[in-house]
Amino acid sequence: IYTLSVTPLGMLGNKIGRWLVAIIGILICSGMFIGLSFSTSQWEIYVWIGIVGLGYGCLEGTMFPYLAYIVDTRHTSDYGSVYAISTFAIVLAFSIGPIASSAVTNAIGFQKMMWIFAAVDIIFVPFVYVLRSVDVKEEEENKQKTLDEEQKQQLLAETGEKEVSHIKTLFLSW
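Given the structure is predicted, the values throughout are model-derived calculations rather than measurements.

## Here's the deal with the overall build of the chain
At step 1: In terms of helices and strands, the chain carries seven helices and zero strands.
At step 2: Listed N to C, the secondary structure of the chain is α-α-α-α-α-α-α in terms of helices and strands.
At step 3: Split into buried and exposed, the 174 residues of the chain put 26% on the buried side.
At step 4: Nonlocal contacts in the chain, meaning residues at least 24 apart in sequence, comprise 75% of its contacts between residues at least 6 apart.
At step 5: For the chain, the accessible surface area stands at approximately 12100 Å², while carbon and sulfur atoms represent 70% of it.

This is the structure:
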């Protein structure tokens, strides 16, 4: 479900707002973690984990492009670092997560651990809500500054070429 949901939910995020789709994804994951805590059979776990995959699809399909957009509007357009940091976080979570979760599950139990996951997910909702209003005014100012610098460079290049051709003409006329 995760693989099938990433692209369509990313496109949905472009239409209704990436922050909103991300919040929906967080709430789906939280609800499914709570439901997962009450699972009594292996097949129920498969269903809950499948729906959690839909929630993660909401998050990944919207947040990675949104983080790149934030970097583009507030800093230099260097997307590589955004994707490198996010990929590193995912790899770290998938490598350390199972080891840590087995110790936590043995200490407090599976049901409590799922409730903690759900609570931590819900804690992130206000942070994603804050991301909804990326200042586009700064982006326009940065673009204007870049255009102004490019125009200055072009004018200096043209002026320099005229001066060089004028000097060549004077030199050759002697």
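Once the structure has been displayed, the description carries forward.
## Thoughts on the environment of Met 114
At step 1: Within the secondary structure layout, Met 114 lies in helix α5 (residues 110-123).
At step 2: Along the backbone, Met 114 and Phe 33 are 81 residues apart, and their C-alpha atoms lie at a distance of 5.3 Å.
At step 3: Each residue touching Met 114, except ones within four places of it in the same chain, is listed here: Phe 33, Leu 36 and Ser 37.

## A closer look at the side chain of Ser 39
At step 1: By secondary structure assignment, the location of Ser 39 is in the loop between α2 (18-37) and α3 (42-74).
At step 2: A polar contact of 3.1 Å, which involves the side chain of Ser 39, links it to the backbone oxygen of Leu 36.
At step 3: Looking at Ser 39, its side chain comes within polar contact range of the side chain of Trp 48, at 3.3 Å.
At step 4: When neighbours within four sequence positions are excluded, Ser 39 is seen to be in contact with Glu 44, Ile 45 and Trp 48.

## Some points on the packing of helix α4 (residues 79-108) against α5
At step 1: The N-to-C vectors of α4 and α5 enclose an angle of 120°; their axes lie 7 Å apart at closest approach. Comparing their axes, α5 and α4 come out oblique. Side by side, α4 and α5 meet where Ser 101, Val 104, Thr 105 and Ile 108 of the first sit next to Phe 110, Lys 112, Met 113 and Ile 116 of the second.
At step 2: For the contact of α4 with α5, the per-class residue count stands at five nonpolar, two polar and one charged.

## Some points on the confidence of the model for the chain
Detailed reading of the predicted model is not advised wherever pLDDT is low.
At step 1: On average, residues of the chain score 76 in pLDDT, and 74% of them reach the 70 mark or higher.
At step 2: Element-level pLDDT for the chain is lowest in helix α7 (residues 136-173), with a mean of 54, against a maximum mean of 90 in α5.

## Overview of the nonpolar core
At step 1: Of all hydrophobic cores here, the largest spans nine residues; its members are Ala 22, Ile 23, Ile 26, Leu 59, Met 63, Tyr 66, Ile 70, Val 125 and Val 128.
At step 2: Mapped onto this core, the elements with two or more residues apiece are α2, α3 and α6 (125-130).
At step 3: If one sorts the elements of this core by residue count, α3 sits on top with four residues.
At step 4: Met 32, Phe 33, Val 52 and Met 114 belong to the second-largest nonpolar core, a separate cluster that totals eight residues.

## Description of helix α1 (residues 2-16)
At step 1: Relative to the 21 Å expected for 15 residues at 1.5 Å per residue, α1 spans 20 Å between its end C-alpha atoms, a close match to the ideal helical length.
At step 2: Listing the buried residues of α1 in full gives Ser 5, Val 6, Leu 9, Gly 10 and Gly 13.
At step 3: Backbone geometry just after α1 places Gly 17 at a positive phi near 115°.

## Notes on the state of the cysteines
At step 1: Summed over all chains, the structure comprises zero disulfides.
At step 2: The thiol of Cys 29 is unpaired, and the distance to the nearest cysteine sulfur, on Cys 58, comes to 7.8 Å.
At step 3: The exposure class of Cys 29 is buried, given its relative accessible area of 0%.
At step 4: A residue is classified by how much of its surface remains accessible, and Cys 58, at 3% relative accessible area, is buried.

The rules behind these values
- Residues numbered from 1 in each chain as written.
- Predicted model: local features only at pLDDT ≥ 70, side-chain atom pairs only at ≥ 80, totals over all residues.
- Heavy atoms only, no water.
- Helix = DSSP H or I, 4+ residues; strand = E, 2+ residues; numbered from the N terminus.
- Buried < 20%, exposed > 50% of the residue type's maximum accessible area, 1.4 Å probe, protein only.
- Contact = heavy atoms within 4.5 Å.
- Areas by Shrake-Rupley, 256 points an atom, 1.4 Å probe, with all protein chains shown as cover.
- Polar contact = N/O pair within 3.5 Å; in protein donor to acceptor, adjacent residues only side chain to side chain.
- Axes fitted to C-alpha atoms, helices over the stretch in contact; angles between N-to-C directions.
- Parallel < 35°, antiparallel > 145°, perpendicular 65-115°, else oblique.
- Nonpolar A, V, L, I, M, F, W, Y, C, P; charged D, E, K, R; others polar.
- pLDDT = per-residue confidence, 0-100.
- Core = buried A, V, L, I, M, F, W, Y, C linked by side-chain atoms within 4.5 Å.
- Expected span 1.5 Å × (residues − 1).
- Disulfide = S-S within 2.5 Å.

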